[in-house]
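# Coordinate analysis (summary)
Here are the chains, one letter per residue:
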Amino acid sequence: MERKSLTAAVSSERIQQDMATLACIGADGQGGVTRLAYSPEHWKARAYIRDRMESAGLQVREDAAGNVMGRWPVGLTGPALAMGSHLDSVPHGGRFDGPVGVVCALEAVRAIQESGFRPPSPLEVIVFAEEEGARLNHPLFGSKAMAGILDPRLLEQMKDRDGVPLARVLEGVGLSQERLSEARRQREEFLAYLEVHIEQGSVLEERNVQIGVVTGIVGITFMEMVITGRADHAGPNPMERRKDALLGAGRIITEIPVLVAQTGSAAARGTVGAIHAHPNTINVVPGRVTLGVDVRHKEKEEIRKLARLIDLKAGDICQKSGLEFLSRVLTEIEPVAMANNIVQAIGETCEEMDITCMQMLSGAGHDTTSMSTLAPVGMIFVPSVEGLSHCPEEFTPLEDIVCGARVLAGTAAGLINNFT
Ligand SMILES: [Zn+2]
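Residues numbered from 1 in each chain as written. Predicted model: local features only at pLDDT ≥ 70, side-chain atom pairs only at ≥ 80, totals over all residues.

## Some words on the overall build of the protein
Secondary structure assignment for the protein yields 13 helices and 15 strands. In terms of overall dimensions, the protein is globule-like: its C-alpha atoms have a radius of gyration of 23 Å, near the 22 Å expected for 420 residues. Per-residue burial for the protein yields a buried fraction of 47% across its 420 residues. The contacts of the protein with a sequence gap of at least 6 include a subset with a gap of at least 24, amounting to 78%. (Helix = DSSP H or I, 4+ residues; strand = E, 2+ residues; numbered from the N terminus. Rg over C-alpha atoms; globule rule 2.2 N^0.38 Å. Buried ≥ 20, exposed ≤ 12 C-beta atoms within 10 Å, placed from the backbone. Contact = placed C-beta atoms within 7 Å.)

## Points about the domain arrangement of the protein
Once the domains are mapped, the protein shows domain 1 (3-218 + 358-419) and domain 2 (230-333). If you average the C-alpha positions of domain 1 and of domain 2, the two centres end up 37 Å apart. Residue-level contacts link five residues of domain 1 with six residues of domain 2. A breakdown of the residues in the side of domain 1 that touches domain 2 according to their chemical character gives two nonpolar, three polar and no charged. (Domains from an automatic or database assignment. Nonpolar A, V, L, I, M, F, W, Y, C, P; charged D, E, K, R; others polar.)

## Things to note about the sheet that holds strand S7 (residues 219-228)
Read across the sheet, four strands follow the order S9-S11-S7-S12 without closing on themselves; strand pairing throughout is antiparallel. Where the open sheet ends on each side, the last strands, each with one partner, are strand S9 (269-278) and strand S12 (324-333). Strand-to-strand twist in this sheet, taken as the mean axis angle between neighbours without regard to direction, amounts to 15 degrees. As paired elements, S7 and S12 share nine bridges and run antiparallel to each other. Bridge pairing in S12 links Phe222 to Thr331. On the sheet, helix H9 (residues 245-262) packs against S7, S9 and strand S11 (288-297) and is oriented at approximately 175 degrees with respect to S9. Here helix H10 (residues 300-320) sits on the sheet in contact with S7, S9, S11 and S12, set at roughly 155 degrees to S11. (Pairing = 2+ DSSP bridges. Axes fitted to C-alpha atoms, helices over the stretch in contact; angles between N-to-C directions.)

## Brief notes about the environment of Ala249
Along the chain, Ala249 turns up in helix H9. Separated by 23 residues in the primary sequence, Ala249 and Val272 have C-alpha atoms spaced 10.0 Å apart. The contacts of Ala249, once residues within four sequence positions are left out, are Ile227, Ile275, Val289 and Leu291.

## Things to note about the pairing of strand S3 (residues 80-86)
Taken across its seven residues, S3 has seven buried, putting it largely inside the fold. With four bridges joining them, S3 and strand S5 (residues 190-198) adopt parallel strand pairing. Bridging from a neighbouring strand, Ala80 pairs with Phe190 of S5. As a crossover connection, the stretch from S3 through helix H4 (residues 99-115) into strand S4 (residues 123-128) is right-handed. (Right-handed = clockwise from strand over helix to strand, strands pointing away.)

## Focus on the packing of H4 against helix H13 (residues 398-419)
Packed helices, taken two at a time, are described by their axes: the angle between them and the distance between them. Interaxial distance between H4 and H13 falls to 8 Å at its minimum, and their mutual angle equals 55 degrees. Judged on the interaxial angle alone, H13 and H4 are oblique. For H4 against H13, the interelement crossing comes out right-handed. Residues Val100, Cys104, Ala105, Glu107, Ala108, Ala111 and Ile112 of H4 form the contact with H13, whose own contacting residues are Ile401, Gly404, Ala405, Leu408, Ala409, Ala412 and Ala413. Here the contact of H4 with H13 is composed, by residue class, of 12 nonpolar, one polar and one charged. (Parallel < 35°, antiparallel > 145°, perpendicular 65-115°, else oblique. Left-handed = near helix turned anticlockwise from the far one by under 90°.)

## With respect to the packing of helix H2 (residues 12-24) against H13
One way to put it is that H2 packs onto H13 with a least axis distance of 10 Å and a crossing angle of 115 degrees. Put simply, H2 runs roughly perpendicular to H13. As for the relative orientation of H2 and H13, their crossing is right-handed in sense. Mapping the contact onto sequence places Ser12, Ile15, Gln16 and Met19 in H2 and Leu398, Ile401, Val402 and Ala405 in H13. Tallied by class, residues from the contact of H2 with H13 come to six nonpolar, two polar and no charged.

## Regarding the environment of Phe96
Within the fold, Phe96 resides in the loop between S3 and H4. Those residues in contact with Phe96, other than ones at most four positions away along the chain, are Ile198, Glu394, Phe395 and Thr396.

## Quick notes on unusual backbone geometry
A cis amide bond links Trp72 with the next residue in sequence, Pro73, at an omega value of -5 degrees. Unusually for a residue other than glycine, Tyr38 sits at a positive phi of about 65 degrees. With respect to the helices, strands and loops of the structure, Tyr38 is situated in the loop between H2 and helix H3 (40-55). With 27 C-beta atoms packed within 10 Å, Tyr38 lands in the buried category. In this model, His390 sits at a positive phi of 60 degrees, which is unusual for a non-glycine residue. Here His390 shows up in the loop between strand S15 (377-382) and H13.

Put into structure tokens, the structure is as follows:
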């Protein structure tokens, strides 16, 4: 099988048509889309891709979580090389986050078909549901269901952003919560999982590189800090007598970048993304502040270390300011390593196709995170203009998406040959 024939078989017209059609579904009139999971818009986008899969001769089925799977060649059994992404979006999200991976996966299959290469194992295109977590506040919902790693206790209490219970959200599109566990699949069903995604950062664009070969997805820890002082009138009490919780919180916030820098690691991140001051009134000294802290790193141990450093420093600041300090870990998501042979295969494909590439980390989670529990995984990043994502300005030029599809098709074809 010649990779050159695959390069030629990837059709920019088909990619353009699929991307343009998807961009119209749930279009918000400002260049972005709103396709919350399990909404009519999400279901319409899914139906379009389902239809395109069928036109390309894939055997399509859906699971109990609303994921769509298309297989080719029909009738060929055994473990599959899967490729995919998602079609749900955040509110007023971009047109590229998710659809790029779905369209590239479908195009990779179409290109392989046209190149005349008959894979010895099946290829599978997967469209995952509720990747963003914007509806159910539970990211990777569909892929976690497939991996069998949804926490059943959480499901019972899960509600969407409007307070609608999960069971009713699913019923709205003809799915049932009782049957969710049927979406689970086994390791034996997969040879590998590959995902093309927009970078959502500006590294590739700044370095003028076409493809990012992802080596790992960072781990994430969410912490909640509660700083308690004393609410007080903003006037009568002298400054030195106050116990201003927001002032303490401010000191913690400015200290976090310093601690991150001290790790000396380019992979470390620390962010205070949420802040609630109480009573949040202009003429009252804030008595209590809650901070939401996000800590990331590619190594599990390093996240723990950094989270602990931030926690100690915050406690120290509060103690010196006469404030009470409480903190707890809300969520811990482990880092994911991409399979070495896949990282290598993506790099080799780029080289053979004369496409520039560089290795990089993913700072955000993706469906690949869940799929890593079922199969060896790999990710291919395409550039995001100005690094913008989750907004209507999100943009990736067509030629970059075409490049992603070529690398995906070449990598998939190469891997599937080696697997057998
Ligand atoms: Zn995404």
